Amino acid sequence: MSFFRVSHPLIEHKLSILRDKNTSTKEFRELVIELSMLLAYEATRYLPLEEVTVETPIAQAKGYMIMGKKLSVVPILRAGLIMAEGILKLIPSARVGHIGLYRDPETLKPVPYYCKLPNDIRDRDVFVVDPMLATGGSAVTAIDILKERGCKNIIFISLISAPEGRDFVLSRHPDVDFFVASIDERLNDHGYIVPGLGDAGDRLFGTK
Ligand code: PRP
Ligand code: URA
């Protein structure tokens, strides 16, 4: 099982405000950042640690720091950009790659239009972020691109998934761990998640 729904009172609360059609663009953006941080808290749980010793003003203290892992955050444009902002607050030294995909409104298939990744992406643990996992086509294509570049450790963080998207990504990339805040009921005839939150990109950037 590599598809995890992360449940926490703060996540449930913030997700309900996010879904509300009356939530403003400003608040929507802030909530996406906060939810991304809460999900990243769980998605980074298994990062390896190394023991360190630091000098407090009083004495030496033994502690732990994240082992010298190379991390990268890869938002799927556009909506993933704001999620990346949240993750970078927790992992500020991570390198950032960008994958541009849009869904063809007729076929619902992802159309790649941009890709810029760190040169050493194959050596990094990669956190791919996109708030919506609907048919799962965009997630599968983004992961395909990363695997073609040699990436082996990929974690996908999303806010809302449809069951159809979950099943598709698991069938194509069973080796990837997925973290989501909700698995909703279904997709509608236009490929939107029901009840979902509408169009994440438009709500984040105020384009509709
Ligand atoms: C949305 C969303 C995902 C994709 C999910 O992006 O941010 O990338 O749809 O749908 P899928 O699982 O069926 O592929 P969209 O294509 O609307 O582009 P945008 O972020 O530029 O608005
Ligand atoms: N993309 C979105 O932004 N919302 C959906 O419900 C499905 C795809």
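Up top you'll find the structure we're talking about.
Not measured: the values here are computed from a predicted model.

Chemist: Describe in detail the site of ligand 2, supporting the description with residues and values.
Modeler: All residues adjacent to ligand 2 are Arg103, Met132, Ala134, Gly191, Tyr192, Ile193, Gly198, Asp199 and Ala200. Between ligand 2 and Gly198 there is a distance of 2.8 Å, counted from a nitrogen atom to a backbone nitrogen or oxygen. In the environment of ligand 2, an oxygen atom lies 2.8 Å from a nitrogen or oxygen atom belonging to the backbone of Ala200. For ligand 2, the accessible surface in isolation is 240 Å², of which the surrounding protein chains cover 88%. Residue composition of the shell around ligand 2, grouped by class: 5 nonpolar, 2 polar and 2 charged.

Chemist: An account of the state of the cysteines is needed here, citing residue identities and associated values.
Modeler: On inspection of all chains with the given rule, the structure shows 0 disulfides. No disulfide involves Cys115; its sulfur sits 9.6 Å from the nearest other cysteine sulfur, which is in Cys151. Classification of Cys115 as partly exposed rests on a relative accessible area of 29%. Owing to a relative accessible area of 5%, Cys151 belongs among the buried residues under this scheme.

Chemist: Give a description of the nonpolar core that names residues and reports values.
Modeler: For soluble globular proteins, nonpolar side chains are generally found buried alongside one another. Ranked by size, the top nonpolar core spans 38 residues in total, and within it Leu18, Val32, Ile157 and Leu159 carry the most contacts. Of all the secondary structure elements, the ones that give two or more residues to this core are helix H1 (9-19), helix H2 (25-43), strand S4 (71-77), helix H3 (80-90), strand S8 (125-129), strand S10 (153-161), strand S11 (177-183) and helix H6 (200-205). No other element matches H2, which puts 8 residues into this core. When near neighbours in sequence (up to four residues on either side) are disregarded, Leu159 contacts Leu18, Val32, Leu35, Leu39, Met83, Asp130, Pro131, Val180, Ala181 and Ser182. Listed in part, the 23 residues of the second largest apolar core include Ile99, Ala139, Ala142 and Ile143.

Chemist: So what about unusual backbone geometry? Which residues, and what values?
Modeler: For the peptide bond that leads from Leu77 to Arg78, omega is -5 degrees, which places it in the cis range. On the secondary structure map, Arg78 appears in the loop between S4 and H3. The residue after Val194, namely Pro195, is reached through a cis peptide bond having omega 0 degrees. With respect to the helices, strands and loops of the structure, Pro195 is situated in the loop between strand S13 (193-194) and H6. One non-glycine residue with positive phi stands out, namely Leu108, at about 65 degrees.

Chemist: Mind laying out the site of ligand 1, listing which residues take part and the relevant values?
Modeler: In the vicinity of ligand 1, 14 residues are found, and the nearest of them are Arg103, Asp130, Ala134, Thr135 and Ser138. Within the backbone of Ala79, one N or O atom sits 3.3 Å away from an oxygen atom of ligand 1. In the model, an oxygen atom of ligand 1 is placed 2.8 Å from a nitrogen or oxygen of the Gly136 main chain. Here ligand 1, which alone exposes 500 Å², has 90% of that area covered by the protein. At the level of secondary structure, the elements contributing two or more residues to the shell around ligand 1 comprise strand S6 (98-103), strand S9 (132-133) and helix H4 (137-148). When its residues are assigned to classes, the shell around ligand 1 shows 6 nonpolar, 5 polar and 3 charged.

Chemist: Run through H4, naming residues and quoting values.
Modeler: Turn by turn, an α-helix covers 3.6 residues, leaving residues three or four places apart pointing in a common direction. Spanning 12 residues, H4 covers 16 Å between terminal C-alpha atoms, matching the ideal 16 Å at 1.5 Å per step. Extensive coverage of H4 is indicated by the burial of 9 of its 12 residues. The set of residues buried in H4 consists of Gly137, Ser138, Ala139, Val140, Thr141, Ala142, Ile143, Ile145 and Leu146. Remark: Gly150 follows H4 within two positions and exhibits a positive phi of approximately 95 degrees.

Cut-offs applied
Residues numbered from 1 in each chain as written. Chains lettered and ligands numbered in written order. Predicted model: local features only at pLDDT ≥ 70, side-chain atom pairs only at ≥ 80, totals over all residues. Heavy atoms only, no water. Near = heavy atom within 4 Å. Polar contact = N/O pair within 3.5 Å; in protein donor to acceptor, adjacent residues only side chain to side chain. Areas by Shrake-Rupley, 256 points an atom, 1.4 Å probe, with all protein chains shown as cover. Nonpolar A, V, L, I, M, F, W, Y, C, P; charged D, E, K, R; others polar. Disulfide = S-S within 2.5 Å. Buried < 20%, exposed > 50% of the residue type's maximum accessible area, 1.4 Å probe, protein only. Core = buried A, V, L, I, M, F, W, Y, C linked by side-chain atoms within 4.5 Å. Helix = DSSP H or I, 4+ residues; strand = E, 2+ residues; numbered from the N terminus. Contact = heavy atoms within 4.5 Å. Expected span 1.5 Å × (residues − 1).

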